[in-house]
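Survey of secondary and tertiary structure
So the chains spell out like this:
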Amino acid sequence: MQAPQIGRLFTLPPLTPEGSWGYRPVMTPTLAQLRYLVAVADCRSITGAAASVFVAQSALSRAVQAMERDLGVELLARRGRGVDLTPAGTRVVRLARTVLDAVEAIEDVGAPHGQNNRATLHVVATPTLALDLAVDLVPAFTTRSPGIDVRLHQHDSREVLVQELIDGTAELGLVDLPVDNELSAHHIQEREVVLISPLGSRLPDPLPFRLLDGLDMVLPAPGTGRRTELEAMFSCLGVRPVPTLEVNERLAWVTGVMDGRGSLIWYRDVVLRAFGRRAEVRSFTPPLLRPVGIVHARRPLSRAARAFLSHARHNSPVREPSR
């Protein structure tokens, strides 16, 4: 079949047997599809992603599958109850974040400005994680978003922190993951958990978990959320450390280690600020990493909260174990 001519300028390719000219239209993803895919990347599960964007799990799955079909590539690799991004998915998520940030910036153009229209965002964290907010995230965010005032609150009790989010006293929280299903979670970074011991401790580095058995330790008080988590970890490892100091105050943890009372399990990046060179730090083998994320109640976020969440996603470094 000869190719048809249009005027004297264009010659179309021959028709394929199916009657078309062989072109496959590329469908542009919708903003909703991009938001859903980014949510999956943040939550690492379809169920968690659906909850974080307030849609049914089936609707989110269909939207992502339609996006994969339209683009002609697989974006997600399913694994049990979770999902991983394929290389193509990683690239699309990176581009999607750029698009969504641009859309939010465009929306802000029409937002009223001026001193009387400043927004206030209440953020809550544990004392350890509050250091990250106070030193890194909040100053950088307020420089980028001068129209938003961030009020930072901290609580020793994880239970009180969660209740403030549910009650609406605070809108966002920075906490260790996972959290209860009543909150939506957005993974931000991985932090290494290490053993901090008094100077002169005769322990190998890295430390096998089995050597925690019988080790003198500084621990949170019994009945608290963090102590419960540690007890669950010890039970899974089949070890039973010896509590020599049980207290919730962080300063008491530091002085307890420096006074030789016992070792402490804490984040590596906190150690330099808290101990300097007055304690020994050891990684575990295999390395022990704890995910940290921003959480909120299952309701739509304010513009200020969405802006802060976007900033945290892009500016929180991944904390990897030291070698």
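Before reading on, note that the structure itself is shown above.
Given the structure is predicted, the values throughout are model-derived calculations rather than measurements.

Among all positions in helix 8 (residues 250-258), only R250, W253, V254, G256 and V257 are buried. Burial along helix 8 is one-sided: seen end-on, the buried residues are contained in an arc of 165°. One or two residues past the end of helix 8 sits G260, with phi positive at roughly 85°.

Compared with an ideal rise of 1.5 Å per residue, which puts 13 residues at 18 Å, helix 10 (residues 303-315) spans 18 Å between its outermost C-alpha atoms and is within 8% of the ideal. Looking at helix 10, one finds that the buried residues are A304, A305, A307, F308, L309, S310, H311 and A312.

We now examine the pattern of salt bridges. The full count for this structure, using the stated rule, is ten salt bridges. Residue R44 is joined to E190 by a salt bridge in which the shortest nitrogen-to-oxygen separation is 3.7 Å. On the criterion of sequence distance, the pair formed by R44 in the loop between helix 1 (31-43) and helix 2 (46-52) and E190 in strand 8 (residues 183-197) is long-range, its members being 146 residues apart. Connected via shared salt-bridge partners are R227, E231 and E246.

With that out of the way, let us pick up empty space enclosed by the protein. The tally for this structure, following the rule as stated, stands at one cavity of 30 Å³ or more. What the largest cavity holds in volume is close to 40 Å³. Lining the largest cavity, in full, are T126, T128, L129, D176, R226, R250, W253, W266 and Y267. Taken together, the residues of the lining of the largest cavity break down into four nonpolar, two polar and three charged.

Tallied over the entire structure, the rule returns four aromatic pairs. Measuring from centroid to centroid gives 4.9 Å for F209 and F284, while their planes differ by 15°, and the two rings are stacked. Placement of the pair is F209 in the loop between strand 9 (207-208) and strand 10 (216-219) and F284 in strand 14 (residues 284-285), with a sequence separation of 75 residues. In this structure, F209 and F284 share a single accessibility class: buried. Here the aromatic rings of W253 and W266 are separated by 5.3 Å at their centres, their planes lie at 80°, and the arrangement is edge-to-face. Of this pair, W253 sits in helix 8 while W266 sits in strand 12 (residues 264-267), and the two are 13 residues apart along the sequence. For the pair formed by W253 and W266, the shared burial category is buried. Three or more aromatic residues joined by ring pairs form one cluster here, namely W253, W266 and F275. The ring centre of Y267 lies 4.4 Å from the NZ or CZ of R191, which sits over that ring.

Once that is clear, we can look at the nonpolar core. In terms of nonpolar packing, the biggest core is built from 53 residues, with L212, W266, F275 and F308 touching the most fellow members. If you look at the next biggest cluster of nonpolar residues, it comprises 22 residues, including C43, A50, A63 and V92.

In this chain, D205 is followed by P206 through a cis amide linkage whose omega measures 5°. In this structure, P206 sits in the loop between strand 8 and strand 9. T285 connects to P286 through a cis peptide bond whose omega is 0°. Inspection of the secondary structure assignment puts P286 in the loop between strand 14 and strand 15 (288-297).

In this section: the side chain of S263. Considering the arrangement of structural elements, one finds S263 in the loop between helix 8 and strand 12. Ignoring any residue separated from it by four or fewer positions in sequence, one finds S263 in contact with L195, I196, S197, P198, L215, D216, M217, V218 and V257.

Parameters and conventions
- Here, residues in each chain are numbered from 1, in the same order as that chain's written sequence.
- With pLDDT at 70 or above as the cut-off, local features in this predicted model cover only qualifying residues; side-chain atom pairs require 80 or more to be listed or tallied, and sums for whole chains, interfaces and linings still use all residues.
- Side-chain metrics rest on all non-hydrogen atoms present in the structure, leaving aside hydrogens and water.
- Remark: exposure states derive from per-residue accessible area (1.4 Å probe, protein chains only) relative to the maximum for the residue type, with buried under 20%, exposed over 50%, and partly exposed in between.
- A run of H or I in DSSP counts as a helix once it spans at least four residues, and a run of E counts as a strand once it spans at least two, with each numbered from the N terminus.
- It is the directions from the helix axis to the C-beta atoms whose arc is reported.
- Helix span, expected: 1.5 Å multiplied by one less than the number of residues in the helix.
- Only one rule defines a salt bridge in this text: a Lys or Arg side-chain nitrogen within 4 Å of an Asp or Glu carboxyl oxygen.
- Cavities and pockets are found on a 1 Å grid laid over the protein atoms alone: a cavity is a set of points where a 1.4 Å probe fits but cannot escape, a pocket is an open set with protein on both sides within 12 Å along at least five of seven lines, and a lining residue has an atom within 4 Å of such a point.
- Grid points are joined across faces, edges and corners, and a volume is the space filled by probe spheres set on the points.
- Charged residues are taken to be Asp, Glu, Lys and Arg, nonpolar residues to be Ala, Val, Leu, Ile, Met, Phe, Trp, Tyr, Cys and Pro, and polar residues to be all remaining types, Gly included.
- Only rings of Phe, Tyr and Trp enter the pairing, Trp through its six-membered ring, and a pair is recorded when the two centres are within 6.5 Å. The plane angle decides the type: under 30 degrees is stacked, over 60 is edge-to-face, the rest tilted.
- Put simply, a charge is over a ring when the Lys NZ or the Arg CZ is close to the ring centre, within 6 Å, and near the line of the ring normal, within 35 degrees.
- For this analysis, a nonpolar core means a set of buried residues of the types Ala, Val, Leu, Ile, Met, Phe, Trp, Tyr and Cys, connected via side-chain atoms within 4.5 Å.
- In this description, contact between two residues means that some pair of their heavy atoms is separated by no more than 4.5 Å.

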